[in-house]
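In case you want the letters, here they are:
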Amino acid sequence: MKIIPIYIEAGVSGFESPAAEYKELGLSLDELLIENPTATFIGLASGESMQGIGIFDGDLLIVDRSKQVKNNAVIVANYNGCFVCKTLNKTHAQLISASQIHPPITITTSDDFQIEGVVTRVIRILEPIRELNQCML
Amino acid sequence: MYALVDATSFYASAEKVFDPSIRHKPVVVLTNNDGCICAVCPIAKKLNIPKFGPYFKIKHYLAKHNVVIRSSNYELYADLSERMMNVAARFCDNQHIYSIDECFLHFKQFTKLVDNWHDYGYQIRKVVWRETRLPVGVGIANTPTLAKAANHAAKKLPGYNGVAVIDTEQSRKSILAQMNVSDVWGIGSRLSKKLMVMGVNTALELANQCPKQMRKQFSVVVERTINELNGIVCLSWDDVKEPKQEIFSTRSFGQRVTDYNALKSALTSHVNIVARKLRKQNSLAKKLYIFAHSSQYQDNYYKQSVIVQFPQATNNTLVMANAVTSALPSIFRQGVLFYKCGVGAIELESNRYRQPDMFSPDLNNESLMQCFDMINSRYGQGTLSMATESKQHSWQMKRHFLSPSYTTKWSDIPRISC
């Protein structure tokens, strides 16, 4: 919810703040990072295979299900019952990691595979946050 | 035009959204306290799992078929419901949310933009699926009752595949003829039995009755339903949301209760919920129904109920809590393992047309209750409560198979392998 704070004015007051008329809503990270709230979910990156494009273990991933999936987009997919984050090569139907030690995975018809959404933002947590500590375990 | 959009086995489908490992498995969801099965996913339906059956009775059958069992995760369902409703609302001028998993869409200006309702229905279904991963059925017609019938056809009749449109006389007759009268929106089970005795078995046969005559024989509601089945709009959203005639709050205990004060505390909490709901719809109750019983599946089944009549109709939590205190000695019995209890406000009347009593003092104390409600709605339910409601709810919900709150708790967000 967005609230513009209006302070209670007591009977005795000094001068009104010259900036009072210019008061606006503060900046909201939600507004900046989440384009389509109904279609977006937040996940926790776990593993090292995407470090090459800057996704590290413990990063927050913002995933938008409504976005068109372009070739070589960074996506989250259901790959055999597990959420994975990879780059999608549409021409070769491959999931590509951003790391030398993880070879590309070719998707076959026997695989259970659905694209869940496009990773639109990555958030790195530098200082630990209490709320997130538990899920980092 | 109207559409009814509803999710297929909503609770079970919601469990699959953030857990891809169970998408192709049979899933059932249990009610409060893991008592009964309240949702069965389409895969589990093929195993003939009965809905609303007690869980413990078919526990072994479920285990044998590797059925995934989940407790009701209301935090998750509320969030996914909101997303689904928001997506559906984009497609119409007006939306009326009817329950957690269904909404009516009303098309006025939008009608001009749509040339094929069938395609439009599929588009709604596709977009809701893409953005929320919830499967929905869509029924479209020119009255709410027919939209509901079309939705029934979309999900139950072969060949419809999740979308059905009633836009011609032919489609109306064909769908209504294949529908039991008991499946018509607004026709309850008791009423449908009477209709069946009269030889009215299908929705089409009901539609062909004379509305005026049916009004005399039954009620104005039946007349309206018949008109709606014939394409005449009679319902507006206000009719759909009439104040409730009875308000109940009941629940089975997480663990059996044998203690007098524990039972009192549980009943007082139910009173608190009921009184709050009464005030919300501006009603007063003349009577309070209070009951408690042991498990029907165990020996020495014990059930006791009391109806307390108030000197004047009330929605005051304190007055209603006192009713519990006075009634409890005749309900409680030493040695009984109480399994479930609850209270119900019955014989409601509107607070607006209240007739005060000249001789007895006003018991309602409206300003106190207003203050009580305001504090609780601002700082969270339970901030202010009766002293008899214990803070530690030992009788509260048992949820052994609860999935994480993927979208509402930071510690529960889904993990994505990199």
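Everything numeric in this text was worked out from a predicted model, so none of it was measured. (Residues numbered from 1 in each chain as written. Chains lettered and ligands numbered in written order. Predicted model: local features only at pLDDT ≥ 70, side-chain atom pairs only at ≥ 80, totals over all residues. Heavy atoms only, no water.)

S.K.: I'd love a proper account of the overall build of chain B, names of residues and values included.
M.R.: Looking only at helices and strands, one finds 15 helices and 13 strands in chain B. Against the globule reference of 22 Å for 418 residues, chain B gives a C-alpha radius of gyration of 24 Å, in line with a compact fold. Sequence separation of 24 or more characterises 65% of the internal contacts of chain B that already satisfy a separation of 6 or more. Of the accessible surface of chain B, which amounts to about 21,000 Å², a share of 50% is contributed by carbon and sulfur atoms. Positive and negative charge centroids in chain B, built from 52 and 33 side chains respectively, lie 5 Å apart. (Helix = DSSP H or I, 4+ residues; strand = E, 2+ residues; numbered from the N terminus. Rg over C-alpha atoms; globule rule 2.2 N^0.38 Å. Contact = heavy atoms within 4.5 Å. Areas by Shrake-Rupley, 256 points an atom, 1.4 Å probe, with all protein chains shown as cover. Lys, Arg positive; Asp, Glu negative; His and termini not counted. Charge placed at Lys NZ, Arg CZ, Asp CG, Glu CD.)

S.K.: Go over the interface of chain B and chain A, please, and point to the residues and values.
M.R.: Each side of the interface is counted separately: chain B has 22 residues, and chain A has 38 residues. At the boundary of chain B with chain A, total buried surface from both sides reaches about 2,600 Å², with 56% on carbon and sulfur atoms. Summed over the three residues of chain B that lose the most area to chain A, namely Arg415(B), Ile416(B) and Cys418(B), the buried surface amounts to 30% of that side. If you look at where chain B meets chain A, you find two salt bridges. Where Glu116(A) meets Arg133(B), a salt bridge forms, and the shortest distance between an N and an O atom there is 3.8 Å. Put simply, chain B and chain A have 17 residue pairs in polar contact (both at pLDDT 80 or more) between them. Breaking the side of chain B that touches chain A down by element, the ones donating at least two residues are α4 (74–89), α5 (117–132) and β13 (415–417) of chain B. Within the side of chain B that touches chain A, the residues separate by chemical class into nine nonpolar, six polar and seven charged. Two elements, strand β1 (residues 40–46) of chain A and β13(B), share three bridges in a ladder whose sense is parallel. Considered in β13(B), the bridge of Ala45(A) is made with Ile416(B). (Buried area = accessible area lost by both parts, 1.4 Å probe. Salt bridge = Lys/Arg side-chain N within 4 Å of Asp/Glu carboxyl O. Polar contact = N/O pair within 3.5 Å; in protein donor to acceptor, adjacent residues only side chain to side chain. Nonpolar A, V, L, I, M, F, W, Y, C, P; charged D, E, K, R; others polar. Pairing = 2+ DSSP bridges.)

S.K.: Which residues make up the packing of aromatic side chains, and what values do they have?
M.R.: Considering all chains together, one arrives at 22 aromatic pairs over all chains under this definition. Put simply, the rings of Phe41(A), Phe83(A), Phe18(B) and Tyr406(B) touch in pairs and so form one group of aromatic residues. One Lys or Arg, Lys303(B), reaches over the ring of Phe291(B) and ends 5.7 Å from the middle of that ring. (Phe/Tyr/Trp six-rings, centres within 6.5 Å; stacked < 30°, edge-to-face > 60°. Lys NZ or Arg CZ within 6 Å of the ring centre and 35° of its normal.)

S.K.: Explain empty space enclosed by the protein to me, and be specific about the residues and the numbers.
M.R.: It is the rolling of a water-molecule-sized probe over the atoms that shows where space remains empty. Residue and element names in this part refer to chain B. This structure, assessed with the given rule, holds one cavity of 30 Å³ or more. Taken as a whole, the largest cavity encloses approximately 40 Å³ of empty space. Counting only elements with at least two residues in the lining of the largest cavity, the list comes to α4 and α5. Considering only residue class, the lining of the largest cavity consists of five nonpolar, two polar and three charged. (1 Å grid on protein atoms, 1.4 Å probe; cavity = no way out; pocket = protein on both sides within 12 Å on 5 of 7 lines; lining within 4 Å. Points joined across faces, edges and corners; volume = space filled by probe spheres on them.)

S.K.: Just give me the short version of the layout of surface pockets, but keep the residues and values in it.
M.R.: Residues and elements named next belong to chain B. Roughly 1,400 Å³ of volume is contained in the largest pocket. Lining the largest pocket are 49 residues, with Ala7, Thr8, Ser9, Lys45 and Lys155 positioned closest to its centre. Sorting the residues of the lining of the largest pocket by element identifies β1 (2–7), α1 (10–17), β3 (37–40), α2 (42–45), α5 and α6 (144–156) as the ones contributing at least two each. Across the lining of the largest pocket, the residue classes tally to 24 nonpolar, 12 polar and 13 charged.

S.K.: Just give me the short version of the sheet that holds β3(B), but keep the residues and values in it.
M.R.: All names here are of chain B. Strand order in the open sheet formed by three strands is β3-β2-β4, with mixed pairing between adjacent strands. Bordering the open sheet on either side are β3 and β4 (68–71), each of which pairs with just one other strand. This sheet shows a mean twist of 25° between the axes of neighbouring strands, independent of strand direction. (Axes fitted to C-alpha atoms, helices over the stretch in contact; angles between N-to-C directions.)

S.K.: Give me the pattern of salt bridges: which residues, what numbers.
M.R.: Evaluated as defined, the whole model comprises 19 salt bridges over all chains. Linked by salt bridges that have partners in common, Arg65(A), Glu116(A), Arg23(B) and Arg133(B) make up one network.

S.K.: How would you sum up the sheet that holds strand β8 (residues 163–165) of chain B? Please name residues and give values.
M.R.: Residues and elements named next belong to chain B. Read across the open sheet, the five strands follow the order β5-β6-β1-β7-β8; overall the sheet is mixed. The open sheet has two edge strands, β5 (94–99) and β8, and neither has a second partner. Strand-to-strand twist in this sheet, taken as the mean axis angle between neighbours without regard to direction, amounts to 15°. Two strands pair when backbone bridges link them, and β1 and strand β7 (residues 136–141) are joined in this way by six bridges, in the antiparallel orientation. Among the inter-strand pairings, aspartate 6 is bridged to a residue of β7, identified as glycine 137.

S.K.: Residue-level account of the packing of α6(B) against helix α7 (residues 169–177) of chain B, with values.
M.R.: Residues and elements named next belong to chain B. At a minimum axis distance of 10 Å, the contact between α6 and α7 shows a crossing angle of 65°. Handedness of the crossing formed by α6 with α7: left-handed. For the pair formed by α6 and α7, the contact residues are Leu146, Ala149 and Ala153 on the first element and Arg172, Ile175 and Leu176 on the second. Taken together, the residues of the contact of α6 with α7 break down into five nonpolar, no polar and one charged. (Left-handed = near helix turned anticlockwise from the far one by under 90°.)

S.K.: Explain the side chain of Glu228(B) to me, and be specific about the residues and the numbers.
M.R.: Residue and element names in this part refer to chain B. By the element assignment, glutamate 228 lies in helix α11 (residues 220–229). A polar contact of 2.8 Å, which involves the side chain of glutamate 228, links it to the backbone nitrogen of cysteine 234. Discounting residues that sit within four places of it in the chain, glutamate 228 has contacts with Thr143, Pro144, Thr145, Leu146, Val233, Cys234 and Leu235.

S.K.: If you had to explain α5(B) to someone new, which residues and values would you point to?
M.R.: An α-helical turn contains 3.6 residues, so a residue and the one three or four places further along point in the same direction. Residue and element names in this part refer to chain B. Counted at 1.5 Å a residue, the expected span for α5 with its 16 residues is 22 Å, and the 22 Å between its end C-alpha atoms agrees. Where α5 is buried, its residues contact β1, α1, α4, β6 (102–106), β7 and β8. Where α5 terminates, the next one or two residues include arginine 133, which has phi positive at roughly 65°. (Expected span 1.5 Å × (residues − 1).)

S.K.: How would you summarise the environment of Cys234(B) if you had to cite specific residues and measurements?
M.R.: Within the secondary structure, Cys234(B) is located in the loop between α11 and α12 (237–240). Assessed through its relative accessible area of 25%, Cys234(B) is described here as partly exposed. (Buried < 20%, exposed > 50% of the residue type's maximum accessible area, 1.4 Å probe, protein only.)

S.K.: Could you give an account of the pairing of β4(B), with specific residues and numbers?
M.R.: Residue and element names in this part refer to chain B. Burial along β4 is two-sided: Val68 and Arg70 and Ile69 and Ser71, pointing in opposite directions, are all buried. Sheet analysis places strand β2 (residues 27–30) next to β4, joined by four bridges and oriented parallel. Pairing of valine 29 across the sheet is with arginine 70, part of β4.

S.K.: An account of the confidence of the model for chain B is requested, with residue identities and associated values reported.
M.R.: In this model, chain B carries a mean pLDDT of 90, and residues with pLDDT of at least 70 account for 97%. Here the predicted complex carries an ipTM of 0.84, next to a pTM of 0.77. (pLDDT = per-residue confidence, 0-100.)

S.K.: I'd love a proper account of unusual backbone geometry, names of residues and values included.
M.R.: Residue and element names in this part refer to chain B. The phi angle at asparagine 282 is positive, at roughly 55°, despite the residue not being glycine. With phi around 50°, glutamate 347 is a residue other than glycine that occupies positive phi space. With respect to the secondary-structure elements, glutamate 347 resides in strand β12 (residues 338–350). For glutamate 347, a relative accessible area of 41% translates into the label partly exposed.

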